[in-house]
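Report on the structure
Okay, here's what each chain looks like letter by letter:
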Amino acid sequence: MGGRTGLLASGLVWGMAGALAASAVPMVRRWRKGKASPKDMIRGLATVPQRYLVDVHHAVERRKGAAPMHALVAGGTLAGSVALAAGVIPALRESRLYWGGVGVFFVTAIGGTYLVWKRRNPRKPSWLSGGRFLWLPDALLAWNLGGALVALVHVAIPEKSGVAWVPLAMMVGGGAGLVVQVARGPMRHAFSGVTWLAAHSRPERFGGGRSTDLRPLDLAAPTLGTLVPGDFAWNILASFDACIECGRCEQHCPAFAAGQRLNPKALIQGLALSARSEDVSAYTGSPAPHAPPTAGKGSMTSAIIGADAMIHPDTLWACTTCRSCVEQCPMMIEHVDAIVDLRRGQTLMLGEVRPGAADALRRLRDTGESGGRPLSARADGLAGENVPVLTEEDETDVLLWLGDGAYELRYARTLRALVKLLRLAGVKFAILGEAEPDCGDLARRLGDEATFQGLATEVIGTLNSRRFQRIVTADPHALNVLKNEYPALGGKWEVVHHTTFLDELVSAGRLKLDARDLPSVAYHDPCYLGRYNGEFDAPRRLLAAACKTTVEMERHGKQSMCCGGGGGNPVSDVDAELRIPDIRMGQASEVGAAIVAVGCPGCTAMLEGVPEPRPEVKDIAELVLEAVVPA
Amino acid sequence: MKAVILLSAGIDPVSGRPAPVPGEIRAIGLAHELGVTQMIGLHAGPASPVLTEYGGYGLTHILCLKGGGADPVQALAGVVKTHALFADGEPDLVLAAARGRGGSDTGLLPYQLAQALGWPIATDIGAPMEQTSPGQLALAQFRARGAVKPVSVTLPCVVTVPETARCVPAFVFARQRETWVDEEVVTVHPVSAEEEAGTLRPYRRRPKLISGASKDSGGGQLMVDPDPHEAARAIVAHLRALGVLPNAGQAPEA
């Protein structure tokens, strides 16, 4: 005799499932106000378990204790509830074994609930949010403890199951709380997260893949980029609702660390609040540092950016597009895509860019060079090397793309080292000379897709009229644009970074290195080489072959910290408390590095701009040249 | 107010690529700051793609006078005077860059156009000033070494804008793609050889302001709250001492 309480408990779970399903309806209706983006949801949902258990888990487990907490609380609550729901079958309710199983699941969930509570107690860490999160453990405890006690009653005293009314009442309270948490609180991430994982905008990222290229914009579309939440695709709106405010993005954001007016978590929450027409006061995490206050209001059809809207414009321009937040996000949210979409709206539709960026964009439009410098002067730093210029009639093996760093005397030193190495290895190479304009990276990151596409068309036309085997560049930003972003516009070549190419030459025995006894060298991963292009090993192999002592900074590889030079940040007059490169060089000094090895003109300029005493900054090409021995 | 902005076929001096002229971009910005409500761009010559870029700065209607390149002054003056550029009357203002960036632009065009229209010209205007009387424009003239001089000019007038003006309007691609470039064929009377050669007149000695100033003229005199007539006499005497004005009794030059 299972008694009525057992059946009621099962019915309660079914009722709760119904309430949760109903709470999803307004959410789905809201997402459908976004732009259409057809997704095969059946196939998408079929991939969710794998995406969740592999990709999401990899990100979750990087924070100590997060994975066990989530497994216990989500696994226990779900398993207990599903098992309890099965209690509508009378035969099951008769079985003590069944109730024992239900009890074990709920007890497991209570353990998880304790871990949930422990996250914010005794003190809430700055990167976590408060608000509804603060009573989430109470609701979980009421539901799970209630469930466990109902099970206990049915195991221990099935004949007196009427006693279970008391825990049943607890479950009703906890269940109501959980429904509120899902419908209007952070637990909405359970439903929106699954939807987003199924309908992700970059499915290539799952299973250890990579997808970092910005997508071309149709310049004839009525609205360019994003001005109101309704301009985002529906699945992107779902991704904002999927944010669980864990603050990993905030902890890793270089702009946030430097006190610039950006907090990726506050940004995503601002977007979600705008789409939900909620007030900014509903956000209980840390704000973007020093960002001037905004009206903090929004709706699906009103502007997102502006002092009278939700997000202050300064927030947008502080981003270095380093993708650190994207890398850390356990919900795989695409912060950088959102920022670039918003920048596109500001730049293309309103012309609202920072004055320094406006000047740079004007020069790019009018002269094809961000500094307005003559294209013929780009190779001035290589004048002594006598590098041949590739004409339409000639042919070469390697086309060396110089990039805008070449105008600087410092970076020209790196390029000279690279040219000397290519000569030593007997590589046939040439440059484009004054036929090389800007590749458009800066314009694209600043949201000026029109200027980017103009420059890209010019570059693609030039490169398609030249004969070469592959392109080598020492500028990871140019590498990213040429290799990943031009193919969508009709430019496909083999493009490699100079460290990859030098590594090949060393492995093939065309360059012989003798590791030198230098003070310890730390390699700084450029964002656009590492996170954007997955090249972590070749530079390290080269360094190991050229220097005897190497050390790793705490943040390296995929977790590396940006130098502050990307995304148009340096031309955007960003207000800051600290300089990002100062923080980064501090990290190098902490591990006792005397030399920081770099592989990017941006990193070179930013890190070398740090006042002394600081480690010396050397490009890998320079270190390799110093270690090369005659064959 | 209604304004005509003169556009030239500019070339960027560094890259040699067609590009909008800085003074003309600022002319659009100055027109906005002056509260101009209707604006049209005028280019003596055939339409070219680079002109749409001015649309990005806010000049979304541009009229090109094909065939007007042979004598731009005649073509432009004809259109400004007789053409119904605006539905509700003649323009109040013609704005131009103080300096063009086309290969053979002389910088004289705004002066010649003002002469042809019979309008006054205010040159090197970098910003508007507080407007006090209707029918007049109070403007800030940007001079060498950062000096700013208030000037007033009667409407309608020609105004030139220097590259040093700060009124650069934001560039908006969405406006550029909506820019409407019209082309109209105009016929201008060919310039006669005599006109081309310019006018001949006797040599006139230029006043030697600088060399006069270098001779110690005492640096003038300090007058506190003087009688206006007395002050005027002192100024005239000072200018005579510098050699800028002819000496008293001497007949002014023709």
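Residues numbered from 1 in each chain as written. Chains lettered and ligands numbered in written order. Predicted model: local features only at pLDDT ≥ 70, side-chain atom pairs only at ≥ 80, totals over all residues. Heavy atoms only, no water.

1. Considering the overall build of chain B
Applicable threshold: To qualify as a helix, a DSSP run of H or I must reach at least 4 residues; to qualify as a strand, a run of E must reach at least 2; elements of each kind are numbered from the N terminus. In this scheme, a residue with accessible area under 20% of its type's maximum is buried, one over 50% is exposed, and one in between is partly exposed, where area comes from a 1.4 Å probe on protein chains only. Contacts are residue-level and defined by heavy atoms, with any inter-residue pair within 4.5 Å sufficient. Only the protein chains shown count as cover for residues, with accessible areas throughout obtained via the Shrake-Rupley method and a probe of 1.4 Å.
When its secondary structure is counted, chain B shows 8 helices and 10 strands. When the 254 residues of chain B are sorted by exposure, 39% land in the buried category. Taking all contacts inside chain B whose residues are at least 6 apart in sequence as the whole, residues at least 24 apart take part in 69%. Of the roughly 14400 Å² of accessible surface on chain B, 55% is carried by carbon and sulfur atoms.

2. Points about the domain arrangement of chain A
Interfaces are often described in size by the accessible area the parts lose on coming together. Residues and elements named next belong to chain A. Basically, it comes down to this: Residue ranges for the domains originate in an automatic or database domain assignment. Summed over both partners, the accessible area lost on bringing two parts together, with a 1.4 Å probe, is the buried area. Throughout this description, a polar contact denotes any pair of N or O atoms lying within 3.5 Å of each other; where both atoms belong to protein, one of them has to be capable of donating a hydrogen while the other can accept it, and for residues adjacent in sequence the pair is counted only when both atoms sit in side chains. Amino acids are sorted into nonpolar (Ala, Val, Leu, Ile, Met, Phe, Trp, Tyr, Cys and Pro), charged (Asp, Glu, Lys and Arg) and polar (every other residue, Gly among them).
Here chain A is described as being made up of domain 1 (3–187), domain 2 (224–281 + 291–350), domain 3 (370–507) and domain 4 (512–629). Placing a centre on the C-alpha atoms of domain 3 and another on those of domain 4 gives a separation of 21 Å. With 30 residues of domain 3 at the interface, the matching set in domain 4 holds 31 residues. Together domain 3 and domain 4 conceal approximately 2500 Å² of surface at their shared face, both sides included; 68% is due to carbon and sulfur atoms. Broken down residue by residue, the surface that domain 3 buries against domain 4 is led by Arg410, His477 and Asp503, which jointly contribute 21%. For the pair domain 3 and domain 4, the number of links is 8 residue pairs in polar contact (both at pLDDT 80 or more). Counting only elements with at least two residues in the side of domain 3 that touches domain 4, the list comes to helix H17 (409–424), helix H18 (441–445), helix H20 (476–485) and helix H21 (498–507). Element by element, the count of residues in the side of domain 3 that touches domain 4 is highest for H17, at 9 residues. Residue composition of the side of domain 3 that touches domain 4, by class: 12 nonpolar, 9 polar and 9 charged.

3. Quick notes on the interface of chain A and chain B
Just so we agree on the cut-off: Salt bridges, as used here, are contacts in which a Lys or Arg side-chain nitrogen is within 4 Å of a carboxyl oxygen on Asp or Glu.
Contacts between the two partners involve 22 residues from chain A and, on the opposite side, 17 residues from chain B. The junction of chain A with chain B conceals about 1400 Å² of combined surface from both sides, 51% of it contributed by carbon and sulfur atoms. Among the residues chain A hides against chain B, the three largest losses belong to Arg362, Arg365 and Asp366 of chain A. Together they make up 38% of the total. Remark: the boundary between chain A and chain B carries 2 salt bridges. Between the two partners, chain A and chain B, sit 9 residue pairs in polar contact (both at pLDDT 80 or more). Elements represented by at least two residues in the side of chain A that touches chain B include exactly helix H15 (335–350), helix H16 (355–367) and helix H19 (449–464) of chain A.

4. Section: the pattern of salt bridges
Residue and element names in this part refer to chain A. For the structure on display, the rule yields 40 salt bridges over all chains. For Glu327, the salt bridge is made with Arg62, and the minimal N-O distance between the two is 3.8 Å. Of this pair, Glu327 sits in helix H14 (residues 324–328) while Arg62 sits in the loop between helix H2 (41–60) and helix H3 (66–85), and the two are 265 residues apart along the sequence. Owing to a relative accessible area of 19%, Glu327 belongs among the buried residues under this scheme. Here Asp213 ties to Arg215 by a salt bridge, and the two come within 3.9 Å at their closest N and O atoms.

5. Regarding the sheet that holds strand S8 (residues 148–154) of chain B
Residues and elements named next belong to chain B. This is how the line gets drawn: Two strands make a pair as long as DSSP finds a minimum of two bridges between them. The axes used here are C-alpha line fits, helices contributing only the stretch in contact, and every angle between their N-to-C directions lies in the interval 0 to 180 degrees.
Reading across the sheet, the 3 strands line up as S6-S7-S8 and stay open at both edges, with antiparallel pairing between neighbours. Each edge of the open sheet carries a strand with a single partner, namely strand S6 (125–128) and S8. Across the sheet, the mean angle from the axis of one strand to that of its neighbour is 40 degrees, orientation sign disregarded. In the sheet, S6 pairs with strand S7 (residues 136–142) via 3 bridges, with the strands oriented antiparallel.

6. Structural notes on the confidence of the model for chain B
Short version of the rule: What pLDDT conveys is the predictor's confidence in a given residue, as a value from 0 to 100.
Mean pLDDT over chain B stands at 86; residues scoring 70 or higher make up 89%. Here the predicted complex carries an ipTM of 0.89, next to a pTM of 0.91.

7. Description of the pairing of strand S2 (residues 38–44) of chain B
Residue and element names in this part refer to chain B. Note the cut-off: A crossover gets the label right-handed when its path from the first strand over the helix to the second runs clockwise, viewed with the strands pointing away from the viewer.
Counting buried residues along S2, 6 of its 7 residues qualify, which places the element largely inside the surrounding structure. Bridge count for strand S1 (residues 2–6) against S2 is 5 bridges, and the pairing is parallel. Its bridge partner lying in S2, Ile5 is registered against Gly41. Once the chain exits S1 it traverses helix H1 (residues 22–33) before rejoining the sheet at S2, and the crossover so formed is right-handed.

8. Comments concerning the environment of Ser277 of chain A
All names here are of chain A. The residue Ser277 is located in the loop between helix H12 (264–275) and helix H13 (313–317) in this model. Separated by 22 residues in the primary sequence, Ser277 and Ser299 have C-alpha atoms spaced 4.3 Å apart. Residue contacts for Ser277: discarding those within four places in its chain leaves Gly298, Ser299 and Met300.

9. Structural notes on the sheet that holds S1 of chain B
All names here are of chain B. Read from one edge of the open sheet, 7 strands run S5-S9-S4-S1-S2-S3-S10, paired in parallel fashion. Strands at the two margins of the open sheet, each flanked by one partner only, are strand S5 (121–122) and strand S10 (180–185). Here 6 bridges tie strand S3 (residues 61–66) to S10, and the two strands are oriented parallel to one another. When the sheet's bridge partners are listed, Ile62 is paired in S10 with Val181.

10. Some words on the environment of Glu385 of chain A
Residue and element names in this part refer to chain A. Here Glu385 shows up in the loop between H16 and strand S1 (395–401). Overall, the relative accessible area of 14% leaves Glu385 in the buried class. For the pair Glu385 and Lys420, spaced 35 residues apart in sequence, the C-alpha separation works out to 8.0 Å. Residues contacting Glu385, with those up to four places away along its chain left out, are Arg416, Val419, Lys420 and Arg423. Polar contacts involving the side chain of Glu385 include one to the side chain of Lys420, which spans 3.4 Å.

11. Description of the side chain of Asn480 of chain A
Residues and elements named next belong to chain A. You can see Asn480 is positioned in helix H20. Look at Asn480 and you get buried, because its relative accessible area is 0%. Non-local contacts of Asn480, meaning those with residues more than four positions away in its chain, are made with Thr212, Arg445, Glu485, Tyr528, Tyr532 and Asn533.

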